[in-house]
Every structure is written in structure tokens, then in C-alpha cells.
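Spelled out, the chains give:
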Amino acid sequence: MSTASDYNESLLVSELKNHNEKAFRRLFDIYYQDIYGYSVSLLKSKELAEENVQDVFLKVWLYRENLDTEKSFKSFLFTIARNQAFNILNKAANDVVLKEAIFYSAEKSHEEGDYSIRESDCKKIKKYAIKQLPPKRKQIFKMSRKQGKTYEEISLELGISINTVKSQMSKALESLRLYLNVHDEYT
């Protein structure tokens, strides 16, 4: 059963696909607060949430011709917002690790030596675990974690569905977790 709002959304998305800027603006106005609130809940920062919303709608504009009028536009927006928020958090986590590495390298202590040996061992184990992944899964994992690409970008680049990307990433992460638990004597 289709409601009037579903029909309006579908019509607006259809217009957006035809490069209608007013339709884009209307969709932005309709969903801005929802996406912003969701982004704040994930990122815990108003500035990062605002940036995330802008990135979400930029992506919508760039890929407008590929939108599916039969699917929920709102769900599509929330999926992009979630994926981009996770990418932001992942990059922030990597920056924190880098900052800590710099901080610890400045200290000349016995613990720092032990930490660097432990860190080196962990990196080797992780690298070997990644090598054990099947080729396609390894490629998807590296595109996501090392190149920072979203599932949608990977999907488009490899010509596979987003669900396949999600499934392969889930399997890759599970394989890595299992491998690390079995091969890391410190866990």
C-alpha cells in the first residue's frame, strides 16, 4: 500500500535523477534533520555530523542518475550516513593510534621497548591473517580498511552488489578475529 508521502518521495527522486535541483533541495530539506540527528548519535560531534550530512547529500547528487525510485530513499540516505560515519570513526581511530605511536616513541622507557615488540608481533600476525583470506575477500577488505572506500564505492568499482561487499567484509572480519584469537598468545 503506497502512501502520499511515498508517492511524493518517489516523484522527487525521479525528478532528482533528471538533474532537478529543486527536487534535490526539497529532499535535502525533508531529510536534513533526520540524517543530522542520526550522524550526531554515531559521531558524538555536531561538527562531524554536519560534515557527514554534507557528504551524504553530495554523494546523492553525484550518483543521482543511479537512484532507484522503487526503493526507499530514506533508507538509502541512512545507509550512506552510517557507512560514512563509520569511515570517519575509523580514520579518527587510526589518527589516535598514530598520535599514540608518536607520543610513545618520544618516551625512552623499558615498557616502550616491550610495547613496540608486542606491536610488531601483532602487525605480523595481522598481516599474515590478511594473506590467508581468499583473493576477492582480501581485495574488498584492503579497499575498505586500507584505502578507506565505502561499501558503495567498492560495489561500483568491482561491479558487485553492496550486499556482496557487506557479506565479504563480515566474513573477512570474522576470519581475522578467529585467526588472531588462535595465533596470538597475548590475547
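All of these numbers come straight from a predicted model, not from anything done at the bench.

## A look at the nonpolar core
- In this structure, Phe57, Val60, Phe73 and Leu77 are the most contacted members of the largest nonpolar core, which totals 21 residues.
- Broken down by secondary-structure element, the contributors of at least two residues to this core are α1 (4-17), α2 (21-43), α3 (46-62) and α4 (73-106).
- Element by element, the count of residues in this core is highest for α2, at 8 residues.
- Leave out the neighbours within four places in its chain, and Phe73 touches Glu9, Val13, Leu16, Leu27, Tyr31, Val60 and Leu67.
- Grouped together as the second largest cluster of nonpolar side chains are 15 residues, Ile130, Leu133, Ile154 and Leu158 included.

## Concerning the packing of helix α6 (residues 135-145) against helix α7 (residues 151-158)
- Packing of α6 against α7 leaves a shortest axis separation of 10 Å and a crossing angle of 135°. It follows that α6 is oblique to α7 by the angle criterion. The chirality of how α6 crosses α7 is right-handed. Here Lys136, Gln139, Ile140, Met143 and Ser144 of α6 lie close against α7, whose contacting residues are Tyr151, Ile154, Glu157 and Leu158.
- For the contact of α6 with α7, the residue count by class is 5 nonpolar, 2 polar and 2 charged.

Quick notes on the rules
- Residues numbered from 1 in each chain as written.
- Predicted model: local features only at pLDDT ≥ 70, side-chain atom pairs only at ≥ 80, totals over all residues.
- Heavy atoms only, no water.
- Core = buried A, V, L, I, M, F, W, Y, C linked by side-chain atoms within 4.5 Å.
- Buried < 20%, exposed > 50% of the residue type's maximum accessible area, 1.4 Å probe, protein only.
- Helix = DSSP H or I, 4+ residues; strand = E, 2+ residues; numbered from the N terminus.
- Contact = heavy atoms within 4.5 Å.
- Axes fitted to C-alpha atoms, helices over the stretch in contact; angles between N-to-C directions.
- Parallel < 35°, antiparallel > 145°, perpendicular 65-115°, else oblique.
- Left-handed = near helix turned anticlockwise from the far one by under 90°.
- Nonpolar A, V, L, I, M, F, W, Y, C, P; charged D, E, K, R; others polar.

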